[in-house]
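# Fold and geometry: a report
For reference, the chains in residue letters:
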Amino acid sequence: MANTNPGANILLTHENADDFFGQKENPTKAVLFTKKMETPALWLRVADSFAGKMQFGEVRLAEFDLMQQFGMSTDALPKVVAIRVNYDGSKQKILYEGPNDFDKIREFLGDVMEGGPAVVELKRQLDSLQREAKGLKQEIAHEQERTSTARAEAARIKLGQVGQVETVRKELQAEIEKTKAAETAVREELEAEKRAWEEKQQQLKEEKAKLEVEVQALKDVQQEKAILLNDTTEENFFASTLRPLRAVLFTTKADIPQLWLDLAAQQSISCSFGVVRHTEEKLMTRFGCRTDSLPRILLFSNKTDTPIVYQGSIKLDTISAFIQDAIAGGPAALELRKQLRTKETEAEKAEKELRDERQRRERESEEAQRTRKQQVGQLEETVKSLQKQLREACAGAGAELQRVRQESEEKYK
């Protein structure tokens, strides 16, 4: 039999692997796949930090069957895989994709133990949005710097000494071409960003469709109506641990709302549903509810006595998503979902700032082009005026020369 002491590292073989993965008392397990013939000190250190909380195993290169079972190739090692055994006996495998760093590996395993794949995925999405927001802010700063440079160049042209007309014309033409090239580059960048956001939107739609399929599957498995809670029924309801969650609706309505019945049918496998009318004064007082603040939804977990207050809109989809987050990752997943919405808002704000900055730059570029055209026109008018004066001066000099010649010829006749 495999050693079931949480925190102790177990060298796994084909003989003890089934016992190790089949043991349910410690539902979270961490396995290191390695080429080394000795257990790395980093892995032992991670195992010690989780002593009493989860099981640790190690698979070496010679265990071909286990390597093949988990889809591991020699050139991919070392790899860390977390296995989480659900309450229904199913297993979830989560691959660690970060660096060989103690703090990062420990944080990953802690997330798996506390909330499972949902928390890990939400953190990855949050990190991705933070990187996108940072990139957008850097792009805004870059665009502002380019705008400032363009303004300085325009000021230098306006204040500088005008040289020869042809030289000025060539410089203006080159500047116009440069501005057009910059405009083209900005448009290409905007198109690339648009495509990226469209791909992200499509991914979210696919994830939503997958969740809808899962919800329908749960609905088909079992349906159950909500329970009216009073002095007689509330004790058994809150004492039950048959399901990991209990959702309670406090309402002024005489009948159970249809939305609550739909939720009960949808989430009945993992969540019990109760209803407290405003006339149940003891329960209203016990949970700090006032009639003027209803409806109110509280979510209770088997792991804690403190309820989670639902603060979203009273809609089937939003309440269902709230319960699913609580099932998948508990309070940690709910908090990460809140942070994710905040980062999405920040990213949208940064994108709007970038669009505004580029539109402002385009307007300034158009104004600069108009100014340069006016300058060129003024220079051309000056050249024409000088050419006219030169022609008039040459014509006057020719007439004077002709008069002097005639006087000389008459004088010497």
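As a reminder, the structure under discussion sits directly above these lines.
A brief report on the enclosed structure follows. (Residues numbered from 1 in each chain as written. Predicted model: local features only at pLDDT ≥ 70, side-chain atom pairs only at ≥ 80, totals over all residues. Heavy atoms only, no water.)

What follows covers the sheet that holds strand E9 (residues 296–301). Here we have five strands laid out as an open sheet, ordered E6-E8-E7-E9-E10, and mixed in their pairing. Because the sheet does not close on itself, it has two edges, and the strands there are strand E6 (227–228) and strand E10 (304–310). Relative to strand E8 (residues 271–277), E6 is paired through two bridges, and the arrangement is parallel. Note on E8: the bridge partner recorded for Leu228 is Val275. The strands touched by helix H8 (residues 258–267) are strand E7 (245–251), E8 and E9; relative to E8, the strand with the most contacts, the crossing angle is about 160 degrees. (Pairing = 2+ DSSP bridges. Helix = DSSP H or I, 4+ residues; strand = E, 2+ residues; numbered from the N terminus. Contact = heavy atoms within 4.5 Å. Axes fitted to C-alpha atoms, helices over the stretch in contact; angles between N-to-C directions.)

Turning next to the packing of helix H2 (residues 41–49) against helix H4 (residues 102–115). H4 packs onto H2 with a crossing angle of 40 degrees between their chain directions and a minimal axis gap of 10 Å. Overall, the two elements H2 and H4 adopt an arrangement that is oblique. Handedness of the crossing formed by H2 with H4: right-handed. Contacts between H2 and H4 involve Leu42, Arg45, Val46 and Ser49 from the former and Phe102, Ile105, Arg106 and Leu109 from the latter. Of the residues in the contact of H2 with H4, the class split is five nonpolar, one polar and two charged. (Parallel < 35°, antiparallel > 145°, perpendicular 65-115°, else oblique. Left-handed = near helix turned anticlockwise from the far one by under 90°. Nonpolar A, V, L, I, M, F, W, Y, C, P; charged D, E, K, R; others polar.)

What follows covers the sheet that holds strand E4 (residues 79–85). With mixed pairing, five strands are arranged side by side in an open sheet as E1-E3-E2-E4-E5. Either end of the sheet is taken by a strand with one partner, and the two such strands are strand E1 (9–11) and strand E5 (91–95). Strand-to-strand twist of the sheet, defined as the mean angle between neighbouring strand axes without regard to direction, takes the value 25 degrees. As defined by bridge partners, strand E2 (residues 28–34) adjoins E4 across six bridges and the pair is classed as antiparallel. Pairing of Phe33 across the sheet is with Lys79, part of E4. Packed on one face of the sheet, H2 meets E1, E2, strand E3 (55–60) and E4 and runs near 160 degrees to E3. Relative to the sheet, H4 contacts E2, E3, E4 and E5, its axis offset from that of E4 by approximately 10 degrees.

These figures capture arrangement, not role.
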